[in-house]
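Structural overview
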Amino acid sequence: MISSNNSNDEPSVESFADADTAYARVRALYDQAVEYLRDRFSAFARGEDLGGRVRAFYPFVQIRIDSEPRIDSRLAYGFVHGMGTFRTTVTRPDLFDYYLHHQLTLLVKNHGVPLEVGVSDTPIPIQFAYPEGMHVEGDLTPERLYQLRDHFDLPDLVYMDDSIVNGTHITPPGAPRPLALFTAPRVDYSLHRLKHYTATKPDHFQNYVLFTNYQFYIDEFVRRGLEIMEPSDDPATQAYRRQYEAFIEPGDHVTWNQAVHPDRGPEGQKVARLPQMPAYHLKRRDGNGITIVNIGVGPSNAKTISDHIAVLRPHVWLMLGHCAGLRDTQRLGDYALAHGYVREDKVLDADLPTWVPVPALAEVQVALEGAVEQVTGLKGWELKSIMRTGTVATIDNRNWELRDHSEPVQRFSQSRAIALDMESATVAANGFRFRVPYGTLLCVSDKPLHGEIKLPGMANHFYRARVDQHLAIGMLAMEKMRDYGLERLHSRKLRSFAEAAFQ
């Protein structure tokens, strides 16, 4: 698994009958590899002669299927299609502990064959041997920095493309077919980018993710999160509060739930300057809490952050934000529940062609509509007075209304669009692309086609009146979907013909 002379003395593939022992072996191989790299890099930083090139390699897990599998047709994941060998490289088994256990357990259960573990020929870049995002080059002299590539593997984009998840991967003859949607180097790359963009460690991200495009939502989420961390004598809220053990803010600043950890005070330092897309986490022990990310404005940000969060394999992500209402009958503060999208954001056209439909997911739609009913107290015909279900158009030009807008207005009308924004279709399309359940609930903040443009006074009144309710709806919808169970939430609509087995 490791070498100092550019040779890969790969041990033989080992076979395991159960997921626990297979996972334990993967973790041991990975830990041995990164410990070796860190030790050798420390020596390199001290100026020692390493005597040649230093390499370590990612472990892999694979499954061999020798007869045509017979699988329960109701399953969305946890099985392979056809016969052959299916393999994936693995990184950070500590972070993906439950996820890996779950995927491997399903493979054994559904196929009844052993799991095989070995060492791949994919090298671990020296930067990725430091999961906390350490800048390994920082203390090196210019001369030593120049020599780094001569001794260690550096990140190589050849190993990080999205061909598997995009459905364009072609397996060479005789090579194993993909077992997971992402390779280990692709996962490592995103884990490091997440820390950069959000100022929180990947370890804190939860399985239920909210995206928003306004700081007002973040402020309310922080208020609610810190309130949940306070002890309460109210029996009606005690059980709810105790399910969340900590609240995490940028800088990995941890506020512990005093009802669960009364002896633990705040930990870490809040960042002095917020990152590009700050993230906040209402954390549960099982990882099924709620994360919110302020993605700012525009489809580029929406794609960037969802590209990286996708490797964490969340169970659902939702877009909560503001939009332009396109119908005269809409009022400021009304909700728009997307059941379809017009994709004019352009940022995903090369990865997911615009002719690919992005369908509404029934489980997500039901949870969102139910949450609106519960929070507002309106049902049936009355609910239609504040919420409209329809097509949301996403565009990459914020000032579209300043050009001759007769042509885009005609297209929006032909598509039956009810709302326009700059992020929702991107978030939904990337959810479809990455097999992450998705949904959109927007709030009308202006009606530019009808003389109600967004101005400071009008906006401030609108924000005060609606943001708290909108966020409460989003959080309640997440909790409803958490209660569904994974088999119901992960839809077969998101899986392709011959799909990778991992969720």
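Residues numbered from 1 in each chain as written. Predicted model: local features only at pLDDT ≥ 70, side-chain atom pairs only at ≥ 80, totals over all residues. Heavy atoms only, no water.

Thoughts on the overall build of the protein
Rules: Where helices and strands are cited, they refer to DSSP runs of H or I of at least four residues and of E of at least two residues respectively, numbered from the N terminus. We take the radius of gyration over the C-alpha atoms and set the globule estimate at 2.2 Å times the residue count to the 0.38 power. Contact criterion: two residues are considered in contact whenever any of their non-hydrogen atoms come within 4.5 Å of each other. The Shrake-Rupley method, run with a 1.4 Å probe, gives the accessible areas here. Residue values count only the displayed protein chains as cover.
For the protein, the helix and strand inventory stands at 14 helices and 16 strands. Radius of gyration (C-alpha) of the protein: 24 Å, near the 23 Å computed for a compact globule of 503 residues. Expressed along its principal axes, the backbone C-alpha trace of the protein runs to roughly 70 × 55 × 55 Å. In the protein, once contacts between residues fewer than 6 apart in sequence are set aside, the share between residues at least 24 apart is 81%. Here the protein displays about 22100 Å² of accessible surface, and carbon together with sulfur accounts for 50% of that area.

Some points on unusual backbone geometry
Selection rule: Note on classification: 1.4 Å probe, protein chains only; a residue is buried when its accessible area is under 20% of the maximum for its type, exposed when over 50%, partly exposed between these limits.
The phi dihedral of Ala-199 falls on the positive side, at around 65 degrees, and the residue is not glycine. If you trace the backbone, Ala-199 turns up in the loop between α5 (184-198) and β7 (208-212). A residue is classified by how much of its surface remains accessible, and Ala-199, at 12% relative accessible area, is buried. A positive phi angle, near 65 degrees, is found at Arg-435, a position not held by glycine. Among the structural elements, Arg-435 can be located in the loop between α12 (424-434) and β16 (438-446). Of the residues examined, Arg-435 reaches a relative accessible area of 8% and is grouped as buried.

Considering the state of the cysteines
Counted only if it meets this: Sulfur atoms of two cysteines make up a disulfide when they are within 2.5 Å.
Under the criterion given, the structure shown has zero disulfides. Left unpaired, Cys-323 is separated from the closest cysteine sulfur, that of Cys-443, by 7.2 Å. Among the residues examined, Cys-323 registers a relative accessible area of 3% and is labelled buried. A residue is classified by how much of its surface remains accessible, and Cys-443, at 0% relative accessible area, is buried.

Side note on the pattern of salt bridges
Two side chains of opposite charge can pair, provided their charged atoms sit close to one another. Note the threshold: Within this document, salt bridges are pairs made up of a side-chain nitrogen of Lys or Arg and a carboxyl oxygen of Asp or Glu, the two lying within 4 Å of each other.
One pass over the full model with this rule turns up 29 salt bridges. Where salt bridges share partners, they join Asp-162, Arg-186, Lys-303, Asp-307, Asp-351 and Arg-433 into one cluster.

Side note on helix α6 (residues 215-229)
This is how the line gets drawn: Multiply 1.5 Å by the residue count of a helix minus one, and that product is the helix's expected span.
Counted at 1.5 Å a residue, the expected span for α6 with its 15 residues is 21 Å, and the 21 Å between its end C-alpha atoms agrees. Those residues of α6 that fall on the buried side of the exposure criterion are Tyr-217, Ile-218, Glu-220, Phe-221, Val-222, Gly-225, Ile-228 and Met-229.

Remarks on the nonpolar core
The tendency in soluble globular proteins is for nonpolar side chains to be buried side by side. Condition: Here, the term nonpolar core denotes a set of buried Ala, Val, Leu, Ile, Met, Phe, Trp, Tyr and Cys residues that are joined through side-chain atoms within 4.5 Å.
Counting 112 residues, the largest nonpolar core has Phe-211, Trp-317, Met-481 and Phe-502 as the members making the most contacts within it. At nine residues, helix α13 (residues 456-484) tops the list of elements feeding residues into this core. Apart from the residues within four sequence positions on either side, Phe-211 is in contact with Val-293, Ile-295, Ile-305, Ser-306, Ile-309, Trp-317, Leu-318, Met-319, Leu-320 and Val-427. Judged by nonpolar contacts, the second largest core, of 23 residues, contains Ala-33, Leu-50, Ile-124 and Leu-148.

Observations regarding the pairing of β7
Worth spelling out the cut-off: Think of it this way: DSSP has to see at least two bridges between two strands before they count as a pair.
Judged by how many residues are buried, β7 sits mostly within the fold: five of five residues are covered. Burial of the side chains of β7 extends over both faces: Tyr-208, Leu-210 and Thr-212 are buried on one face and Val-209 and Phe-211 on the other. Sheet topology note: the β7/strand β11 (residues 290-294) ladder contains five bridges and is parallel. Residue Leu-210 lies in a different strand from β11, and its bridge partner there is Ile-292. Relative to strand β12 (residues 316-325), β7 runs parallel, the two being bridged by five bridges. Within β12, the residue paired with Tyr-208 across the bridge is Val-316.

Considering empty space enclosed by the protein
Empty space among the atoms becomes apparent when a probe as large as a water molecule is rolled across them. Filter applied, for reference: Points on a 1 Å grid, built from protein atoms alone, make a cavity when a 1.4 Å probe fits but cannot get out and make a pocket when they are open with protein on both sides within 12 Å along at least 5 of 7 lines; residues with an atom within 4 Å of a point are the lining residues. Grid points are joined across faces, edges and corners, and a volume is the space filled by probe spheres set on the points.
For the structure on display, the rule yields three cavities of 30 Å³ or more. Quantified by volume, the largest cavity comes out at close to 180 Å³. Residue lining of the largest cavity: 17 residues in total, with Tyr-99, Ala-180, Phe-182, Val-187 and Phe-502 positioned closest to the centre. Mapped onto the lining of the largest cavity, the elements with two or more residues apiece are β4 (84-89), α2 (97-111) and α5.

Observations regarding the side chain of Asn-207
Looking at the secondary structure, you find Asn-207 in the loop between α5 and β7. With sequence-adjacent residues up to four places away left out, Asn-207 is seen in contact with Asp-286, Gly-287, Asn-288, Gly-289, Arg-313, Pro-314, His-315 and Val-316.

Any link to function would need more than the numbers given here.
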